[in-house]
Amino acid sequence: MRKFKIFLDDAKEEQWINDMATEGWYFQSFHFPFYTFAKGEPGEYEYRSEMLEGFGYGKAANEYLDFVQSTGVEVVQKRFNWVYFRQHKSKGDFELYSDPVSKLSYINRIYTLYGTVAVLNLVFALFNGVISVFDNSLHFNSFIAGLNTGVFIALIYPLAKTVYRKQNLKREIALYEN
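Owing to the predicted nature of the structure, the values given are computational and were not obtained by experimental measurement.

Caption draft 1: Quick look at the packing of helix H3 (residues 100-134) against helix H4 (residues 139-177). The N-to-C vectors of H3 and H4 enclose an angle of 155 degrees; their axes lie 7 Å apart at closest approach. Relative to H4, the element H3 lies roughly antiparallel. Relative to H4, the crossing made by H3 is left-handed. When its residues are assigned to classes, the contact of H3 with H4 shows 25 nonpolar, 11 polar and 5 charged.

Caption draft 2: Molecular detail of the packing of aromatic side chains. Under the counting rule described, the total for this entry stands at 15 aromatic pairs. Taken together, a centroid distance of 5.4 Å and an interplanar angle of 85 degrees make the contact between Trp-16 and Phe-37 edge-to-face. On the criterion of sequence distance, the pair formed by Trp-16 in helix H1 (residues 10-22) and Phe-37 in strand S3 (residues 34-39) is long-range, its members being 21 residues apart. Just as Trp-16 is buried, Phe-37 falls in that class too. Relative to Phe-32, the ring of Phe-30 lies with its centre 6.3 Å away and its plane at 80 degrees, an arrangement referred to as edge-to-face. Residue classification places Phe-32 among the exposed residues on the basis of a relative accessible area of 61%. Linked through ring pairs, Phe-7, Trp-16, Phe-27, Phe-30, Phe-32, Tyr-35, Phe-37, Tyr-47 and Tyr-84 together constitute an aromatic cluster. Over the ring of Phe-34 we find Arg-2, and its NZ or CZ is 4.4 Å from the ring centre. Note that Lys-166 overlies the ring of Tyr-111, its terminal NZ or CZ placed 4.2 Å from the centroid.

Caption draft 3: Fine view of the sheet that holds strand S1 (residues 2-4). Sheet architecture is open: 3 strands sit in the order S1-S3-S2, paired in antiparallel fashion. On the outer flanks of this sheet lie S1 and strand S2 (25-31), each paired with one strand and no other. Pairs of neighbouring strands in the sheet enclose a mean axial angle of 30 degrees, with direction left out of account. Relative to S3, S1 runs antiparallel, the two sharing 3 bridges. Across the sheet, residue Arg-2 finds its bridge partner in S3, namely Thr-36. Lying on the sheet, H1 is in contact with S1, S2 and S3; it crosses S3 at an angle near 25 degrees.

Caption draft 4: Inspection of the nonpolar core at higher detail. Within the largest apolar cluster, 33 residues are counted, with the highest numbers of intra-cluster contacts made by Ile-17, Phe-27, Tyr-35, Tyr-47, Tyr-84, Phe-85 and Tyr-106. Those elements that provide at least two residues to this core are H1, S2, S3, strand S4 (45-51), helix H2 (59-70), strand S6 (82-88), H3 and H4. By residue number, the principal contributor to this core is H3, which donates 6 residues.

Caption draft 5: Focus on the pattern of salt bridges. Applying the stated rule across the entire model yields 9 salt bridges. Here Asp-9 and Lys-161 are joined by a salt bridge, their closest N and O atoms 2.6 Å apart. On the criterion of sequence distance, the pair formed by Asp-9 in the loop between S1 and H1 and Lys-161 in helix H4 is long-range, its members being 152 residues apart. Judged by relative accessible area, Asp-9 falls into the buried class, the value being 11%. The class of Lys-161 is partly exposed, set by a relative accessible area of 26%. Glu-95 serves as the salt-bridge partner of Arg-48, at 3.3 Å between the closest nitrogen and oxygen.

Caption draft 6: Main features of unusual backbone geometry. In this structure, the amide linkage connecting Phe-32 to the following residue, Pro-33, adopts the cis form with an omega of -5 degrees. Phi is positive for Phe-80, which is not a glycine, with a value near 55 degrees. Mapped onto the elements of the fold, Phe-80 is located in the loop between strand S5 (74-79) and S6. Its relative accessible area of 54% is what places Phe-80 among the exposed residues.

Criteria and thresholds
- Residues numbered from 1 in each chain as written.
- Predicted model: local features only at pLDDT ≥ 70, side-chain atom pairs only at ≥ 80, totals over all residues.
- Heavy atoms only, no water.
- Axes fitted to C-alpha atoms, helices over the stretch in contact; angles between N-to-C directions.
- Helix = DSSP H or I, 4+ residues; strand = E, 2+ residues; numbered from the N terminus.
- Parallel < 35°, antiparallel > 145°, perpendicular 65-115°, else oblique.
- Left-handed = near helix turned anticlockwise from the far one by under 90°.
- Nonpolar A, V, L, I, M, F, W, Y, C, P; charged D, E, K, R; others polar.
- Phe/Tyr/Trp six-rings, centres within 6.5 Å; stacked < 30°, edge-to-face > 60°.
- Buried < 20%, exposed > 50% of the residue type's maximum accessible area, 1.4 Å probe, protein only.
- Lys NZ or Arg CZ within 6 Å of the ring centre and 35° of its normal.
- Pairing = 2+ DSSP bridges.
- Contact = heavy atoms within 4.5 Å.
- Core = buried A, V, L, I, M, F, W, Y, C linked by side-chain atoms within 4.5 Å.
- Salt bridge = Lys/Arg side-chain N within 4 Å of Asp/Glu carboxyl O.

Here's what the structure looks like:
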């Protein structure tokens, strides 16, 4: 089964994939904006997703993936620096991060992605907007400015939510340190 879905929140995406698994639909692959599932037994697997450091290539990324797989976790799909994992529920709880510091590192990677894309879209919106103000014949620049503005606005909520997650984890880390 293929499902059309767009997420700007990694936690909501992961929860949705796990909800599908609870209903007996096993995640197979993601090709923007389509998710592919195969029918199976309800509730057998738990899924996690992760954004690897850098671009997800190189020796460190391969060593990390080998380490995770050595614990009995399957790599369902790796696309660039985004990886989907699954583990059979009979093996117990499935968490990729055992401590708040490593989870904060992951959330910082998500924040950097959202922040970079948001800032770039804001800059391009302003750039194309200024061009279209000074030359009314360039309607394409107005369209691109509007598109960039829309992407920027769409990223404000997930960016703010990521900041909130970072602040909560920092408070949790501070509690452990004191």
